[in-house]
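Below are the chains, spelled out letter by letter.
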Amino acid sequence: MDSNLRKILSYTRPYKWWITGNVVSNIFYAFFGMLAMLVLMPMLQILFRVSAEGPASRPEWTGLGHMKEFAQQWMAWKWSIYTSTHTPGQSLTLVIGLVLVIVFLKNLFGYLAMVFATVLRNGILRDIRVDLYDKILRLPLEYFSDRRKGDTIARITSDVYEVQMTSMTVLEMLVRDPMTILFTVGAMWFLNYKLTLFIFVFVPLAGLIISLIGKQLKKSSLAVQRTNSRFLSLVEESLSGIKIIKAFNAEGLFGKKFRAVVNDMFRLTTRMVNRQNLASPLSEFLGVGVIAGIIGYGGHLVLVEKSLSAPVFITFVALAYNVLTPAKNIARAGYAVRRGMASAERVFEIMEADEKIRDKPVAVAKENFEREIRLENVSFRYEADEVLRDVSFRVPKGATVALVGQSGSGKTTIAHLLMRFYDVTGGKITIDGIDIRDIRKRDLRNLMAIVTQESILFNDTVRNNIALAKPDATDEEIIQAAKVANAHDFIMQLPKGYDTNIGDSGNKLSGGQKQRINIARAVLKNPPVMILDEATSALDTESERLVQDALDRLMQGHTSVVIAHRLSTIKNADLIVVMDKGRVVETGSHKELMKRKGIYHKLVMLQSFEVEDE
Ligand SMILES: Nc1ncnc2c1ncn2[C@@H]1O[C@H](COP(=O)(O)OP(=O)(O)O)[C@@H](O)[C@H]1O
Ligand SMILES: [Mg+2]
């Protein structure tokens, strides 16, 4: 069995009672469906005035081996007694009543089966999505830089939906349709086994033809889902970059890209659906071929051999037709399953992606920061090129260490490594002598807070954005944090104060305001170590002053690693680490480094010219 199918089936486990309900209901559904056809026979006998030629007396029970004959004779006997003691009108009323009851029961069970199945399929959808979402949150940053966002969105939405549809179809294919076929063929066998045998010559032939087309389907379905990813990526990008698209008059360019994707989608989907739609007409045609054969052979039995009565024969043909629809469904289900498998592949690709940054089984709990953080000969590469080489420095408790250097020299990468967004590829980072790879990830990240250049806010209230790390914070704590971050005053001026929704990624706020909410978040978390990565570089001078002020307060009483683009802000740092092309080239205090007249001196000189220019 396909391993993806097995994984899907494992999601049905919590719903075994619903499955049981579905299976049982479907068995009844199929049974009554067959009976509904079978009652045609007495009806036809009455209408055609074929006398029910039953045995004159109750048939003898001659053992299980002759059960079929016994049942046939017994029913014929009963029916002949009834028809000879009642008028045809009365008999017809009885049969019609029977038909109504049977059809009612058939549909009742059909509906019940759907009720059970609906819980099952929506449950599977929910469970897979939850697992997928949790998994996505566990995946390393690396996973997301390699991939388009839209691709991940497509997988969690439409691919999971496809999988859900498939599991549903599988259930029907495994139970309902085979049961219908089984009961119906059983009834046919009961009526006339010679004619029934006739069918089995055709069935394997039809199956072969259908499976030939199905093979192509999974491939084209994968292609469709891939285009769907591109489509969602593009929509996502366009929405988040709408300002730039407008400003650069790039509507035409994006319109063109979008049309290309949508056209691909059109082409691929059309091809896939056309192929899939072949299933139904093909199996119907094959089925009718079988029926034509039955009519030919059965006609011979009725007209020439006279071994078959017309009502029985017509009932038989009706039953044979009753097999057609489920057979058609099975053929179609085969296709749907292939499509679903293509999606399942994409879903389970995420589920099984390597989480990389994992806790070791013996990971150490670490609640406090006592002495120092140390980088020892750290090297790192994102891809092929080393972006950090042999980096070593020490951050003693309570100190402020500044990282400076040109853009691209690896400063942000160091921040990433400290938070363990990535693992070092050489050397090690230790906290109080313990390698951070041995510390529980949760504990490590509890020891630090990070404020980055681009403020990251969620579409939620100001309060909830601040309380991210501490959802149960009291109002006082939140207000206190906002005050430290210079944010309280502007928050109070928002329409609903702390309960104002700040819009998607905080678009209703200015850059400086967003940044101060970010800082308030770090203040509220209040970890021993603060990492500030160019927190003010995206701001204008006025809000930079407010934010810098907030940062200075944030750093008080904390150990800080500060990455600063404006060197004037780090003059008082205890240690300045100067980076160049992934290496540490100078370390020391501002005074020492200025005296040395090296790279740092040059950087400071460059910036003071800029300041004079302003
Ligand atoms: N996610 C990533 N994948 C591959 N390369 C990256 C990634 N992030 C940064 N880099 C590369 O790593 C180098 C250092 O980047 P970074 O640490 O951001 O520098 P800085 O913060 O000093 O400007 C750069 O050359 C950059 O191109
Ligand atoms: Mg950077």
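Residues numbered from 1 in each chain as written. Chains lettered and ligands numbered in written order. Predicted model: local features only at pLDDT ≥ 70, side-chain atom pairs only at ≥ 80, totals over all residues.

Q: Describe in detail the overall build of the protein, supporting the description with residues and values.
A: Along the backbone of the protein there are 21 helices and 10 strands. For the protein, the C-alpha radius of gyration of 37 Å lies well beyond 25 Å, the compact-globule estimate for 614 residues. Taken along its principal axes, the extent of the C-alpha atoms in the protein is 125 × 50 × 45 Å. Burial analysis of the protein (614 residues in total) assigns 33% to the buried set. In the protein, the share of contacts with a sequence separation of at least 24, taken over all contacts with a separation of at least 6, comes to 80%. (Helix = DSSP H or I, 4+ residues; strand = E, 2+ residues; numbered from the N terminus. Rg over C-alpha atoms; globule rule 2.2 N^0.38 Å. Buried ≥ 20, exposed ≤ 12 C-beta atoms within 10 Å, placed from the backbone. Contact = placed C-beta atoms within 7 Å.)

Q: Help me get a handle on the sheet that holds strand S7 (residues 529-533), residues and values and all.
A: Taken in spatial order, the six strands line up as S6-S7-S8-S3-S9-S10 in an open sheet, and their pairing is mixed. Looking along the sheet, the strands with just one partner apiece sit at the ends: strand S6 (448-451) and strand S10 (583-588). Across this sheet, the average inter-strand angle for adjacent strands is 15 degrees, counted without regard to direction. By the bridge criterion, four bridges tie strand S3 (residues 400-405) to strand S8 (residues 559-563) in an arrangement that is parallel. (Pairing = 2+ DSSP bridges. Axes fitted to C-alpha atoms, helices over the stretch in contact; angles between N-to-C directions.)

Q: Break down the packing of helix H5 (residues 88-138) against helix H12 (residues 310-351) for me, citing the residues and quoting the values.
A: Axis separation between H5 and H12 bottoms out at 9 Å; the angle between their running directions is 40 degrees. Between H5 and H12, the crossing angle belongs to the class labelled oblique. Seen from H5, the contacting residues are Ile128, Asp131, Leu132, Lys135 and Ile136; seen from H12, they are Val347, Ile350 and Met351. Residue composition of the contact of H5 with H12, grouped by class: six nonpolar, no polar and two charged. (Parallel < 35°, antiparallel > 145°, perpendicular 65-115°, else oblique. Nonpolar A, V, L, I, M, F, W, Y, C, P; charged D, E, K, R; others polar.)

Q: Go over the site of ligand 1, please, and point to the residues and values.
A: Taken together, Ser145, Tyr382, Glu383, Val387, Gly405, Ser407, Gly408, Ser409, Gly410, Lys411, Thr412 and Thr413 make up all the residues around ligand 1. Here the element with the most residues in the shell around ligand 1 is helix H13 (residues 411-418); it accounts for three residues. Of the residues assigned to the shell around ligand 1, the class counts are two nonpolar, eight polar and two charged. (Near = placed C-beta within 6 Å.)

Q: Help me get a handle on the sheet that holds strand S2 (residues 386-396), residues and values and all.
A: As summarised here, the arrangement of the four strands in space is S2-S1-S4-S5, forming an open sheet in which the pairing is antiparallel. Unpaired on one side and paired on the other, S2 and strand S5 (434-435) mark the two borders of the sheet. Bridge analysis of strand S1 (residues 372-381) against strand S4 (residues 426-431) gives five bridges, and the strand direction is antiparallel. By the bridge assignment for S4, Leu375 is matched with Ile429. H13 rests against S1, S2 and S4 of the sheet, and its axis sits at about 65 degrees to S2.

Q: I'd love a proper account of the packing of helix H3 (residues 40-47) against H5, names of residues and values included.
A: Between H3 and H5, the shortest axis-to-axis distance is 10 Å and the interhelical angle comes to 160 degrees. In terms of orientation, H3 lies roughly antiparallel with respect to H5. Judged by the twist between their axes, the crossing of H3 over H5 is left-handed. Side by side, H3 and H5 meet where Pro42, Met43 and Ile46 of the first sit next to Pro88, Ser91, Leu92 and Val95 of the second. Of the residues in the contact of H3 with H5, the class split is six nonpolar, one polar and no charged. (Left-handed = near helix turned anticlockwise from the far one by under 90°.)

Q: So, the pairing of S3: which residues are in play, and what are the values?
A: Most of S3 is tucked away: six of the six residues are buried. Across five bridges, S3 lies against strand S9 (residues 575-580) in parallel orientation. Counterpart to Gly405 in the pairing with S9 is Met579.

Q: Explain the pairing of S4 residue by residue, including any values.
A: Relative to S5, S4 is paired through two bridges, and the arrangement is antiparallel. Within S5, the residue paired with Ile431 across the bridge is Ile434. Linking two consecutive strands that pair antiparallel, namely S4 and S5, is a turn of two residues; a positive phi of about 50 degrees is found at Asp432 within it.

Q: Can you break down the domain arrangement of the protein residue by residue, with the values?
A: Its domain assignment divides the protein into domain 1 (3-351) and domain 2 (372-613). Computed over C-alpha atoms, the centres of domain 1 and domain 2 are 59 Å apart. (Domains from an automatic or database assignment.)

Q: Before we move on, could you go through unusual backbone geometry and cite the residues and values that matter?
A: Unusually for a residue other than glycine, Asn377 sits at a positive phi of about 45 degrees. Looking at the secondary structure, you find Asn377 in strand S1. Judged by the 12 C-beta atoms lying within 10 Å of it, Asn377 is exposed. A positive phi angle, close to 60 degrees, is found at Asn486, a residue other than glycine. Here Asn486 lies in the loop between helix H16 (475-484) and helix H17 (488-493). On the basis of neighbour count, Asn486 is assigned to the buried category, with 23 C-beta atoms found within 10 Å.

Q: Describe H16, with residues and values.
A: Within the sequence span of H16, burial applies to Ile478, Ile479, Ala481, Ala482 and Val484. In this structure, the buried residues of H16 make contact with helix H15 (462-466), H17, helix H18 (511-525) and helix H19 (541-555). Asn486 sits one or two positions beyond H16 and adopts a positive phi of about 60 degrees.

Q: Give a detailed account of the nonpolar core, specifying residues and quantitative values.
A: Across soluble globular proteins, nonpolar side chains show a tendency to be buried alongside one another. In this structure, Ile519 and Ala520 are the most contacted members of the largest nonpolar core, which totals 70 residues. Considering every element that reaches this core, the biggest residue donor is H18, with six residues. If sequence neighbours within four positions are ignored, Ile519 has contacts with Val451, Ala485, Val547, Ala550, Leu551 and Leu554. Judged by nonpolar contacts, the second largest core, of 50 residues, contains Ile8, Ala30, Leu120 and Val337. (Core = buried A, V, L, I, M, F, W, Y, C linked by C-beta atoms within 7 Å.)

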